[in-house]
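Here are the chains, one letter per residue:
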Amino acid sequence: MSADLSHVDTWLFDLDNTLYPIETQFMGLIEAKMTDFVARETGLPRDEARVLQHGYFTEHGTTLAGLMANHGIEPSRFLDEVHDVSLDCLTPDPALRAAIAALPGRRLIFTNGSVGHAERVLSHLNLRDLFSEVFAIETADYVPKPALATFDRICKLHDIDPPMTAFFEDSEKNLVPASRMGMTTVLVGPHAAASTSEHVHFRTNDLAEFLGSARLQGSPA
């Protein structure tokens, strides 16, 4: 059955591994640069740096947050370096563009990546003009999802009413605060179908198809 999203007038989308398939392995390029950065800054061998990197991601929400807390890293230096990767593996998806363009109301990006990264990826995917705002890690004062304070911040900044909002994410843990606030949550990606979390309301491995089949405001009853 198609999802009933006829109550939604604000659409929040994560960026990486949500607006393009995880199978592109684009994030792998960024994660490799993160490992290089951690190894250089800590002096650890690369395999140990990767373990530390993942530990920071698990404990702090992002590798950057862990580096800031434990090593005093200046965030823009990290963000500029790790996001300097080729976009060649990303391909614009006309079906996804059409599905997002058809959504009634506001559309915003909500990412733990940087503003520059979001602008660059969205432009490459031919999606930038479909989103009114980009709420990135700088906007969140470098406090990443799933921190409730960051969800509160985006809602206050953009006057978002959670019960009228749908949030699309590839990370199950980032949907928990959204669900608790009253948002409709959609887990995206190849592992979505296996999720049993009560905080995940819908699951899809094909975002364009999911949006295209959903019942929206103004759709026939």
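Right above here is the structure, for reference.
Predicted model, so just to flag it, every value in this text is computed and none were measured.

Enquirer: What is the right way to look at the packing of helix 1 (residues 26-42) against helix 4 (residues 75-82) in this model?
Expert: In a packed pair of helices, the relevant descriptors are the angle between the two axes and the axis-to-axis distance. Interhelical geometry of helix 1 versus helix 4 gives an angle of 135° and a closest axis separation of 9 Å. Comparing their axes, helix 4 and helix 1 come out oblique. Note on packing geometry: the crossing formed by helix 1 with helix 4 is right-handed. Contacts between helix 1 and helix 4 pair Ile30, Lys33, Met34, Phe37, Arg40 and Glu41 from the former with Arg77, Phe78, Glu81 and Val82 from the latter. The class makeup of the residues in the contact of helix 1 with helix 4 is five nonpolar, no polar and five charged.

Enquirer: Teacher, can you tell me more about unusual backbone geometry here?
Expert: Each neighbour pair has its own omega, and for lysine 145 with proline 146 the value is 10°, a cis peptide bond. Backbone geometry at glutamine 25 places phi at a positive 65°, although glycine is not the residue there. Following the sequence through the fold, glutamine 25 ends up in the loop between strand 1 (10-13) and helix 1. The class for glutamine 25 is exposed, based on a relative accessible area of 60%. Located in the positive-phi region is aspartate 159, a residue other than glycine, with phi close to 50°. Here aspartate 159 lies in the loop between helix 7 (148-157) and strand 4 (165-169).

Enquirer: Whenever I open this one, the pattern of salt bridges confuses me. Can you help?
Expert: Close approach of charged atoms allows side chains of opposite charge to pair. Within the structure shown, the criterion is met by nine salt bridges. Note that glutamate 41 is salt-bridged to arginine 77, the shortest N-O span being 3.0 Å. Here the residue glutamate 41 occupies a position in helix 1, and arginine 77 occupies one in helix 4, the gap between them amounting to 36 residues. Overall, the relative accessible area of 37% leaves arginine 77 in the partly exposed class. The salt bridge involving glutamate 119 is made with arginine 128; its shortest N-O contact spans 2.6 Å. For glutamate 119, a relative accessible area of 29% translates into the label partly exposed. Several salt bridges converge on common partners, so that one network encompasses Arg40, Glu41, Arg77 and Glu81.

Enquirer: How should I be thinking about the nonpolar core in this particular structure?
Expert: For soluble globular proteins, the rule of thumb is that nonpolar side chains tend to be buried together. Of all hydrophobic cores here, the largest spans 51 residues; its most connected members are Phe13, Leu19, Ile100, Phe168 and Leu211. For this core, the leading source of residues is helix 1, giving seven residues. Once you skip the residues sitting within four places of it in the chain, isoleucine 100 turns out to touch Phe13, Leu19, Arg107, Leu127, Leu130, Phe131 and Leu211. Ranked by size, the runner-up nonpolar core spans 16 residues in total, among them Leu12, Phe110, Ala178 and Leu187.

What counts, and where the lines are drawn
Residues numbered from 1 in each chain as written. Predicted model: local features only at pLDDT ≥ 70, side-chain atom pairs only at ≥ 80, totals over all residues. Heavy atoms only, no water. Axes fitted to C-alpha atoms, helices over the stretch in contact; angles between N-to-C directions. Helix = DSSP H or I, 4+ residues; strand = E, 2+ residues; numbered from the N terminus. Parallel < 35°, antiparallel > 145°, perpendicular 65-115°, else oblique. Left-handed = near helix turned anticlockwise from the far one by under 90°. Contact = heavy atoms within 4.5 Å. Nonpolar A, V, L, I, M, F, W, Y, C, P; charged D, E, K, R; others polar. Buried < 20%, exposed > 50% of the residue type's maximum accessible area, 1.4 Å probe, protein only. Salt bridge = Lys/Arg side-chain N within 4 Å of Asp/Glu carboxyl O. Core = buried A, V, L, I, M, F, W, Y, C linked by side-chain atoms within 4.5 Å.

None of this, on its own, says anything about what the molecule does.
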